[in-house]
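# Coordinates in review
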Amino acid sequence: GIYQTARCYEIGIGVAIDLEKCVKMYREAEELGYAPAQFSLACFYCSGCVVEKRDTKKASELLRLAAESGYTPAMISIATLYTIESKSHVRVIESAPTNRYREAMSSSLIKIRDPKIVAMTSFDEDLKKAMVWWRRAAKRNSRQAQYELALCFRYGRGIEVDLTKALYWMRQAALSGLPEAQLELGVLLVQDLPTASSSVKTSATSLQHDNESFYWI
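Described below are features of the structure shown in this document.

Conventions adopted
Here, residues in each chain are numbered from 1, in the same order as that chain's written sequence. In view of the model being predicted, local features appear only for residues whose pLDDT reaches at least 70, and side-chain atom pairs are presented and counted only at 80 or more, with totals across whole chains, interfaces and linings using the full set of residues. Values reported for side chains reflect all heavy atoms of the structure, with hydrogen atoms and water molecules removed beforehand. Each helix is a run of H or I in the DSSP string that is no shorter than four residues. Each strand is a run of E no shorter than two, and both are numbered from the N terminus. Categorising residues by exposure relies on relative accessible area from a 1.4 Å probe, with only protein chains included: less than 20% of the type maximum marks a residue as buried, more than 50% marks it as exposed, and the intermediate range marks it as partly exposed. In short, Shrake-Rupley with a 1.4 Å probe defines the accessible areas, and a residue's cover is counted only from the protein chains shown. Working convention: axes come from line fits to C-alpha atoms, limited for helices to the stretch in contact. Angles between N-to-C directions cover 0 to 180 degrees. In what follows, roughly perpendicular refers to angles from 65 to 115 degrees, roughly parallel to angles under 35, roughly antiparallel to angles over 145, and oblique to any angle outside these ranges. The hand of a helix crossing depends on one turn: near helix anticlockwise from the far one by less than a right angle means left-handed, and clockwise means right-handed. What makes two residues a contact is simply this: any of their non-hydrogen atoms within 4.5 Å. We call Asp, Glu, Lys and Arg charged. Ala, Val, Leu, Ile, Met, Phe, Trp, Tyr, Cys and Pro are nonpolar, and the rest, Gly among them, are polar. By definition, a salt bridge exists where a carboxyl oxygen of Asp or Glu is found within 4 Å of a side-chain nitrogen of Lys or Arg. Helices are assigned an expected span. That span is 1.5 Å times one less than the residue count. Residue types Ala, Val, Leu, Ile, Met, Phe, Trp, Tyr and Cys, when buried and joined through side-chain atoms within 4.5 Å, form a set referred to as a nonpolar core.

### Digging into the overall build of the chain
Along the backbone of the chain there are 13 helices and zero strands. For the chain, the N- to C-terminal ordering of α and β elements is α-α-α-α-α-α-α-α-α-α-α-α-α. Relative to its full complement of 217 residues, the chain shows a buried share of 46%. Carbon and sulfur atoms form 54% of the exposed surface of the chain, whose accessible area is close to 11200 Å².

Here's what the structure looks like:
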């Protein structure tokens, strides 16, 4: 299809890299409403490479279109941008290499995992919006989104702390094979749940949680 051919021109599979042809074909696929093309084109507008000019507004519009169409990478990108600090949004995007910001999106997740960062703004409006997109992506079986959603519930990032839901989503991500979720789950089971209210963890389930924690860690 058009999108697959565009990808070949972008990364040089079977043909020489030609970003102008790539962008032209992405636009054709985007006009047909193809979400992956909308997301890829958003990357180009975000960096200003090949397209007429850097246009973050256009990039945001395309990103949201892709996300609303159910494209998980776009959902994760929006959630990430909402989660990191506003000034960081600009730094992450402007420092993105060549014509892509996917790598920047991934690396920015590191910045939001420290609970100290979110402690002062746990009910910030942007964090609430991020929570919506993490949840939508998590329900589409994105293990990364499941992990981030679990952290939201664990630390009260954009929502009230709920260790039961944190445990549920962390376990889903762990079972999907995400290493950081597996480690986090083990810690959650032995550190956070024992200190929660007795309704969360009874003596009957204590041993079960301890055994499961040992398995994941």
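### Looking at the packing of helix 2 (residues 19–31) against helix 3 (residues 35–47)
At a closest axis distance of 8 Å, the pairing of helix 2 and helix 3 adopts a crossing angle of 135 degrees. Judged on the interaxial angle alone, helix 3 and helix 2 are oblique. The two elements helix 2 and helix 3 meet at a crossing, and its hand is left-handed. From helix 2, Leu19, Cys22, Val23, Tyr26, Arg27, Ala29 and Glu30 reach across to helix 3, where they touch Ala37, Gln38, Ser40, Leu41, Phe44 and Tyr45. Tallied by class, the residues present in the contact of helix 2 with helix 3 amount to nine nonpolar, two polar and two charged.

### What about the environment of Lys21?
Within the fold, Lys21 resides in helix 2. In the structure, Lys21 is positioned 16 residues away from Thr5 in sequence and 9.5 Å away in space, judged by C-alpha atoms.

### Section: the pattern of salt bridges
Counted by the stated rule, this structure contains five salt bridges. A salt bridge links Arg136 to Glu68, with the shortest nitrogen-to-oxygen separation between them at 3.5 Å. A residue pair is termed long-range when its members are at least 10 positions apart, and Arg136 in helix 9 (residues 125–139) and Glu68 in helix 4 (residues 56–68) qualify at 68 residues. A relative accessible area of 30% places Arg136 in the partly exposed class. Judged by its relative accessible area of 45%, Glu68 is partly exposed.

### Re helix 5 (residues 72–83)
Helix length check: helix 5 (12 residues) gives 16 Å between terminal C-alpha atoms against 16 Å at 1.5 Å per residue, within 8%. Within helix 5, 11 of the 12 residues are buried, which leaves it mostly tucked inside the rest of the structure.

### As for unusual backbone geometry
The backbone of Val50 shows a phi angle near 75 degrees, a positive value even though the residue is not glycine. Of note, Val50 is situated in the loop between helix 3 and helix 4. The class of Val50 is partly exposed, set by a relative accessible area of 34%.

### Some words on the nonpolar core
Residues Tyr26, Trp134 and Met170 are the most contacted members of the largest nonpolar core, which totals 55 residues. Ranked by residues supplied to this core, first place goes to helix 3 with nine residues. In this structure Met170 touches Tyr147, Ala150, Leu151, Ala181, Glu184, Leu185 and Leu188, once residues within four positions along its chain are discounted.

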